[in-house]
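The residues making up each chain are set out below.
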Amino acid sequence: MASALGAQVSVAAPIGPGGYARGSSVKGNNAVNLCNKSWIGTTLAWESKTLKSRHTNKIFSMSVQQAGKSKVAVKPLELDSVKEPPLNLYKPKEPYTATIVSVERLVGPKAPGETCHIVIDHGGNVPYWEGQSYGVIPPGENPKKPGSPNTVRLYSIASTRYGDSFDGRTASLCVRRAVYYDPETGKEDPSKKGICSNFLCDSKSGDKVQITGPAGKIMLLPEDDPNATHIMIATGTGVAPFRGYLRRMFMEDVSTFKFSGLAWLFLGVANTDSLLYDEEFTNYLQQYPDNFRYDKALSREQKNKNDGKMYVQDKIEEYSDEIFKLLDGGAHIYFCGLKGMMPGIQDTLKRVAEQRGESWDQKLSQLKKNKQWHVEVY
């Protein structure tokens with residue numbers, strides 16, 4: 001995913017309602033609101049255990065394998081008994097010091113750039129809900145403010161509230177390493193690389209990381225109707241919150257949420273080697289064919305109907321009649337990824353609406369009013 005100055009490549013998925021770009025800086029108290037103290041009593045009551053040494057691949061591999069089996073039990077159940085989402089339990093001036101469990105490269109050798117799956121042990125002390133974000137404060141001084149720490153970068157959480165180890169003690173991030181290529185020479189300039197994304201992708205098991213949050217309410221998964229339809233549209237690491245949704249729907253045995261509706265994921269990436277969490281999603285497709293659909297837009301490998309590159313908006317157009325009918329029936333639709341994805345998608349939806357004799361502006365207004373329209377882009 002890319003957003004940036006010059007040729008800099010952006011690193012992660014979008015963020016919360018403050019509108020800060022994922023992987024971008026958030027300054028001072030603007031990044032957070034007051035702490036919800038009711039969560040602290042719940043989370044700090046769990047005894048903190050010493051982080052055990054784990055093989056780097058253990059948790060991530062286990063979770064992928066689990067996607068092909070029956071649903072897994074999760075704990076502590078108190079995480080589903082709280083009625084309001086936790087918000088900003090830890091602030092930039094007083095972050096929580098968590099521990100890196102593992103760092104996994106997610107993409108194949110032919111993918112442009114590197115994307116990593118990073119599991120962080122928060123000891124149960126920084127709980128979150130699906131669709132929220134963590135802030136990460138990379139070590140070192142702020143280059144623009146010598147003597148001050150680096151500013152917070154926000155990343156979508158790519159796991160459920162129970163984490164990849166299903167015990168409520170970890171959170172996972174999906175991070176693309178930000179690098180800068182000089183437009184004239186075409187060579188990488190290490191002095192302009194993304195500070196936080198490179199820190200995270202270079203981390204090793206046992207390293208410490210300062211986190212803030214959780215933040216955001218825009219992308220929270222509505223669970224009041226387990227039979228609802230959820231249409232998820234992502235580019236690159238924008239798939240992070242949707243991985244959390246899908247694990248909650250299809251992998252975990254959650255007594256308070258027995259999903260029986262339809263989840264439909266559209267994922268846009270450059271090529272097959274760039275696909276993220278593809279094995280998990282494919283397993284859901286095999287296990288729950290009546291409840292999950294999965295469509296990929298591979299811009300460097302597929303052609304759209306006009307023989308151009310296949311982008312996610314082309315896939316949306318391909319299924320537009322069905323999508324519009326689902327939206328008319330109350331479906332939720334989510335967008336997560338590059339800000340640049342939205343104009344093409346909006347143009348496609350407007351064109352389809354006009355072909356159907358509808359006003360897209362009126363339809364969009366109604367979707368927002370009904371809280372069916374969820375967007376986090378950067």
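Residues numbered from 1 in each chain as written. Predicted model: local features only at pLDDT ≥ 70, side-chain atom pairs only at ≥ 80, totals over all residues. Heavy atoms only, no water.

Q: Just to check I follow, could you spell out the overall build of the protein chain for this structure?
A: Counting secondary structure elements, the protein chain contains 9 helices and 16 strands. For the protein chain, the residues scored as buried account for 56% of the 378 residues in total. When contacts within the protein chain are restricted to residue pairs at least 6 apart in sequence, long-range pairs at least 24 apart make up 77% of them. A total accessible area of about 16600 Å² is found for the protein chain, and carbon and sulfur atoms account for 48% of it. (Helix = DSSP H or I, 4+ residues; strand = E, 2+ residues; numbered from the N terminus. Buried < 20%, exposed > 50% of the residue type's maximum accessible area, 1.4 Å probe, protein only. Contact = heavy atoms within 4.5 Å. Areas by Shrake-Rupley, 256 points an atom, 1.4 Å probe, with all protein chains shown as cover.)

Q: Could you clarify how one ought to interpret the side chain of Arg161 in this entry?
A: Relative to the elements of secondary structure, Arg161 occurs in the loop between strand E8 (152-156) and strand E9 (170-176). Here Leu79 takes part through its backbone oxygen, which lies 3.1 Å from a polar atom of the side chain of Arg161. Within the local environment of Arg161, its side chain forms a polar contact with the side chain of Asp80, the two groups lying 3.2 Å apart. Ignoring anything within four residues of it in the chain, the contact list for Arg161 reads Leu79, Asp80, Tyr128, Trp129, Glu130, Gly168, Glu223 and Arg248. (Polar contact = N/O pair within 3.5 Å; in protein donor to acceptor, adjacent residues only side chain to side chain.)

Q: Honestly, the sheet that holds strand E13 (residues 262-269) in this entry has me stumped. Any pointers?
A: In a beta sheet, neighbouring strands are held together by backbone hydrogen bonds and run either parallel or antiparallel to one another. Taken in spatial order, the 5 strands make up an open sheet running E14-E13-E11-E15-E16, and their pairing is parallel. Across the chains shown, the open sheet's two edge strands, defined by having one partner strand only, are strand E14 (292-298) and strand E16 (373-377). For this sheet, the mean inter-axis angle between neighbouring strands, taken without regard to orientation, is 10°. Pairing between strand E11 (residues 229-235) and strand E15 (residues 332-337): 5 bridges, direction parallel. Within the sheet, the bridge partner assigned to His230 lies in E15 and is His332. This element, helix H5 (residues 278-287), spans E13 and E14 of the sheet and lies at about 140° to E14. Its contacts with the sheet place helix H7 (residues 320-328) against E11, E13, E14 and E15, and it is angled at close to 135° to E13. (Pairing = 2+ DSSP bridges. Axes fitted to C-alpha atoms, helices over the stretch in contact; angles between N-to-C directions.)

Q: What is the right way to look at the pairing of E11 in this model?
A: Of all 7 residues making up E11, 7 are buried, and the element is well covered by its neighbours. Side chains of E11 alternate between two faces, with Thr229, Ile231, Ile233 and Thr235 and His230, Met232 and Ala234 buried alike. In this sheet, E13 lies alongside E11 in parallel orientation, the contact comprising 7 bridges. Of the residues in E13, the one forming a bridge with Thr235 is Gly268.

Q: Help me understand the packing of aromatic side chains, please; the structure alone is not making it clear to me.
A: One pass over the structure, following the stated rule, counts 21 aromatic pairs. Plain terms: the ring middles of Tyr277 and Phe281 are 6.4 Å apart, the flat faces sit at 65° to each other, and that makes the pair edge-to-face. Take Phe281: its relative accessible area is 0%, and that puts it in the buried class. (Phe/Tyr/Trp six-rings, centres within 6.5 Å; stacked < 30°, edge-to-face > 60°.)

Q: Looking at this model, I keep getting lost on the nonpolar core. Mind explaining?
A: Most often, soluble globular proteins have nonpolar side chains that are buried together. Of all hydrophobic cores here, the largest spans 39 residues; its most connected members are Val239, Phe242, Leu246, Met249, Leu265, Phe281 and Phe292. Elements supplying a minimum of two residues to this core: E11, helix H4 (240-251), E13, H5, E14 and E15. Sequence-distant contacts of Phe242, defined by excluding residues within four places in its chain, comprise Met219, Met232, Ile233, Ala234, Leu265, Tyr334, Phe335 and Cys336. (Core = buried A, V, L, I, M, F, W, Y, C linked by side-chain atoms within 4.5 Å.)

Q: Would you mind going over H7 with me for this structure?
A: Residues separated by three or four positions in an α-helix point in the same direction, a consequence of the helix having 3.6 residues per turn. Looking only at H7, the buried set comprises Ser320, Ile323, Phe324 and Leu327. Seen end-on, H7 carries its buried residues on one side only, within an arc spanning 100°. Check the buried side of H7 and you find it contacts E11, E13, helix H6 (312-318), E15, helix H8 (341-355) and helix H9 (360-369). Looking one or two places after H7, you find Gly330, whose phi comes out positive at around 105°. (Arc of directions from axis to C-beta.)

Q: I would appreciate a short explanation of unusual backbone geometry in the present structure.
A: One can expect most non-glycine residues to show negative phi and most peptide bonds to be in trans. Across the junction of Lys75 and Pro76, the peptide omega takes the value -10°, indicating a cis bond. Along the polypeptide, Pro76 turns up in the loop between strand E2 (72-73) and strand E3 (96-105). Cis geometry is adopted by the peptide bond preceding Pro214, which originates at Gly213 and carries an omega value of 0°. Inspection of the secondary structure puts Pro214 in strand E10 (residues 208-215). Although it is not a glycine, Asn88 adopts a positive phi angle of roughly 50°. Structurally, Asn88 can be placed in the loop between E2 and E3. Note on Asn88: relative accessible area 3%, which makes it buried.

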